[in-house]
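# Structural description and commentary
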Amino acid sequence: MLDRQALFLAMLPIAWAGVLTGDTLLFRIGARLGPKVIEHPRLRRVLTPERVARVRARFERYGMWTIFIARFLPGVRMPTFLLSGSMGISQRRFWLADGLAVTIFAPTLVFLGWRFGAAALPYVRAFGGYALLAIAAAVAVGLAVSRLRAAKR
C-alpha cells in the first residue's frame, strides 16, 4: 500500500495530463469547427458575440498569455480555448501556454485535496447529496429559462 506522500506524488502527473487533455479537447473542437465555432447551435450560448469580441481583443493585446491566464478563470476558460483553436493558433503554441498554466493549476488542486480532503470528507458525506440535488435543480432551472428565452425569440 502506498503512503499518502507517494499517492500525492503519483497524482501530480495524472492530474496534469488529465487537465491538459480536457483543455486540448476544447482546443481541437475549436480547430475542427474553425470560424464556424461561433455559429454552432450548442456553442452559441457560451460564445456570445460579446465574449468572442473580448477574447479576440485579449489575443490581439496579450497573445499567448490569454491562454495562460484563462486556465485560472472559470467562465472564461472554455470560450478562450474554443476560440484559440478556431483562430488558427497552433497546437504546439496552445500546449506551451496551457501546459505551463496547468503546471501551476493541477498541483495546487492535488495539494488542496491531499491536505484538506480528509477534513472535508465528513461534510461531503453529510451534505454531498444535498449539494448534488441543488446543482441538479440549478441546471434544470437554467435549462428551463434558456428554453423559454429561445421560444420567445
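Nothing here was measured: the structure is a model prediction, and the numbers come from that model.

On to the pattern of salt bridges, then. One pass over the structure, following the stated rule, counts two salt bridges. For D23, the salt bridge goes to R71, with nearest N and O atoms at 2.6 Å. Here D23 is found in helix α1 (residues 4-33), whereas its partner R71 is found in the loop between α3 (65-70) and α4 (77-86), with 48 residues between them in sequence. Each member of the pair, D23 as well as R71, is classed as buried. A salt bridge links R71 to D98, with the shortest nitrogen-to-oxygen separation between them at 3.9 Å. Here the residue R71 occupies a position in the loop between α3 and α4, and D98 occupies one in helix α5 (residues 91-152), the gap between them amounting to 27 residues. The same class applies to R71 and to D98, which are both buried. Salt bridges here are not isolated pairs; linked through shared partners, they connect D23, R71 and D98.

Further remarks concern the packing of aromatic side chains. Evaluation of the coordinates by the stated rule reveals seven aromatic pairs. Ring geometry for F81 against F94: centres 5.3 Å apart, planes inclined by 90°, an arrangement best described as edge-to-face. Here F81, found in helix α4, pairs with F94, found in helix α5; they are 13 residues apart in sequence, far enough to count as distant. Given the relative accessible area of 0%, F94 is considered buried. Relative to W114, the ring of F111 has its centre 6.0 Å away and its plane inclined at 45°; by these criteria the two rings are tilted. Taken together, the residues F111 and W114, both in helix α5 and three residues apart, mark about one turn of the helix. Residue F111 is classed as partly exposed on the basis of its relative accessible area of 36%. Grouped by ring-pair contacts, the aromatic residues W65, F68, F72 and F105 constitute a single cluster.

Calculation criteria
- Residues numbered from 1 in each chain as written.
- Predicted model: local features only at pLDDT ≥ 70, side-chain atom pairs only at ≥ 80, totals over all residues.
- Heavy atoms only, no water.
- Salt bridge = Lys/Arg side-chain N within 4 Å of Asp/Glu carboxyl O.
- Helix = DSSP H or I, 4+ residues; strand = E, 2+ residues; numbered from the N terminus.
- Buried < 20%, exposed > 50% of the residue type's maximum accessible area, 1.4 Å probe, protein only.
- Phe/Tyr/Trp six-rings, centres within 6.5 Å; stacked < 30°, edge-to-face > 60°.

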